[in-house]
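# Summary of structural features
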Amino acid sequence: MSDSHGHSHPHGQPHPFQPDIEDSALTHHQLLQLAVGELLMEKGIFTGDEFRRTLEDIDSRNPGDGARVVARAWVDAEFKKRLLADTAAAAAELGVDAGTIPIMTVENTPQIHNAIVCTLCSCYPRLLLGLPPDWYKSRAYRSRVVREPRAVLAEFGTTIPEDTEVRVHDSTAELRYMVLPMRPEGTEGMSEDELAKLVTRDCMVGVTLPDNPSN
Amino acid sequence: MSGPRFPVGAPVRIRRAWPPGHVRAPWYLRGRSGAICHIIGEFGNPEEMAYGRYDGPKLMLYRVRFRQVDVWPDYAGPPQDTLQVEVYENWLEAAGEEAA
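Everything numeric in this text was worked out from a predicted model, so none of it was measured. (Residues numbered from 1 in each chain as written. Chains lettered and ligands numbered in written order. Predicted model: local features only at pLDDT ≥ 70, side-chain atom pairs only at ≥ 80, totals over all residues. Heavy atoms only, no water.)

## Comments concerning the domain arrangement of chain A
Here the domain parsing of chain A yields domain 1 (31-59) and domain 2 (62-183 + 191-205). Placing a centre on the C-alpha atoms of domain 1 of chain A and another on those of domain 2 of chain A gives a separation of 30 Å. (Domains from an automatic or database assignment.)

Written out as structure tokens, the structure reads:
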């Protein structure tokens, strides 16, 4: 092997490098955000450590919390009713703080398949599901899933029967949405913890379905 | 505070208007007809709050159900597919009975 680098690039020229974060200029809004944050700290509205802790808390949220809520709804019909009526209160029963922005849980049934988008920006139930994936924020997903939802779902490997209603929720305003998927067949003997492992982030956005464990 | 202008099931149309500013009524639904499916409640007007004005009257917020075939004339999926979208009352007008 003549190229001991394991990759090829013309020698005698500068080595290509991965750009650092600082290599692209700050946008107007990034500068504004930094300036406002620094002002609020200078004025004593919050401390740098409080700011850091809040960011750390938001970054630590993950779809596992939503998955526990879904698994409980699968095994406890009364909990499911409470979840559909008041998602934050039901999540609190499991020790999950879903925040103050109201979340609406929409239930998949044999007749209805729900999918979530925010066409205006990237509204997402972050405290229940963690930060949204990059594709959720992409213009392609946001513009296409309201226009040709079945084609978009098919690209995620999800085929919805032709006689099912595909219901796309565009979270344009005050609510955030979580999909309650249908419990897969063949899971009758599974524990709540085992069920929660079947519930992925994408199931709760509605672009895929929980795995059937017999597959 | 007055109650909601539109009851659940009422046929409504999103106003065909294109004002500047922080508007939450999606562009692709302007002029499209659907039906109220859920009255959410009253909230501050984001078009005012975006400019620091928090004292104005609150607006009723609804969820409106649209048939995909009414939103996209060339919609490729089956006729029962729908969109459900949150819309503030200032963007809604009564639509004819032909709406879904």
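Having seen it, we continue.
## Digging into the interface of chain A and chain B
On the chain B side, the residues contacting the 22 residues of chain A number 24 residues. Here chain A meets chain B over a buried area of about 2,000 Å², counting both sides, of which 47% is carbon and sulfur. It is R147(A), T172(A) and E174(A) that lose the most area in chain A upon contact with chain B, and together they represent 28% of the buried surface on that side. Between chain A and chain B we count two salt bridges in total. Here R147(A) ties to D74(B) by a salt bridge, and the two come within 2.8 Å at their closest N and O atoms. The tally of links from chain A across to chain B stands at 21 residue pairs in polar contact (both at pLDDT 80 or more). Every element with two or more residues in the side of chain A that touches chain B is listed here: α9 (149-155) and β3 (165-170) of chain A. Here the element with the most residues in the side of chain A that touches chain B is β3(A); it accounts for six residues. Partitioning the side of chain A that touches chain B into residue classes produces nine nonpolar, five polar and eight charged. Looking at chain direction, β3(A) and strand β4 (residues 82-88) of chain B are connected through four bridges and run parallel. Among the inter-strand pairings, V168(A) is bridged to a residue of β4(B), identified as L83(B). (Contact = heavy atoms within 4.5 Å. Buried area = accessible area lost by both parts, 1.4 Å probe. Salt bridge = Lys/Arg side-chain N within 4 Å of Asp/Glu carboxyl O. Polar contact = N/O pair within 3.5 Å; in protein donor to acceptor, adjacent residues only side chain to side chain. Helix = DSSP H or I, 4+ residues; strand = E, 2+ residues; numbered from the N terminus. Nonpolar A, V, L, I, M, F, W, Y, C, P; charged D, E, K, R; others polar. Pairing = 2+ DSSP bridges.)

## Observations concerning the packing of aromatic side chains
Counted by the stated rule, this structure contains 10 aromatic pairs over all chains. Ring centres of F46(A) and F51(A) lie 5.4 Å apart, and the angle between their planes is 25 degrees; on these two criteria the pair is classed as stacked. With relative accessibility at 22%, the residue F46(A) sits in the partly exposed group. Note on F51(A): relative accessible area 32%, which makes it partly exposed. Ring centres 5.6 Å apart and planes at 10 degrees place the aromatic pair Y28(B) and W72(B) in the stacked group. Taken as a pair, Y28(B) in the loop between β1 (11-14) and β2 (33-43) and W72(B) in the loop between α2 (68-71) and β4 lie far apart in primary sequence, 44 residues in all. Of the two residues, Y28(B) and W72(B), both sit in the buried class. By the ring-pair criterion, three or more aromatic residues cluster together here, those being Y124(A), W135(A), Y136(A), Y141(A) and F156(A). (Phe/Tyr/Trp six-rings, centres within 6.5 Å; stacked < 30°, edge-to-face > 60°. Buried < 20%, exposed > 50% of the residue type's maximum accessible area, 1.4 Å probe, protein only.)

## Examining a nonpolar patch on the surface
Residue and element names in this part refer to chain A. The grouping of L26, L31 and L34 at the surface amounts to a nonpolar patch, some 280 Å² of accessible area in total. As for its position among the elements, L34 is in helix α1 (residues 28-42). Taking relative accessible area as the criterion, L34 reaches 45% and is therefore assigned partly exposed. (Patch = residues over 30% accessible without salt bridge, like charges linked within 9 Å, V, L, I, M, F, W, Y side chains within 5 Å. Areas by Shrake-Rupley, 256 points an atom, 1.4 Å probe, with all protein chains shown as cover.)

## Details of the side chain of N45(B)
Residues and elements named next belong to chain B. For N45, the position within the fold is in the loop between β2 and α1 (46-49). Since its relative accessible area comes to 14%, N45 is described here as buried. When neighbours within four sequence positions are excluded, N45 is seen to be in contact with P57, L59 and N90.

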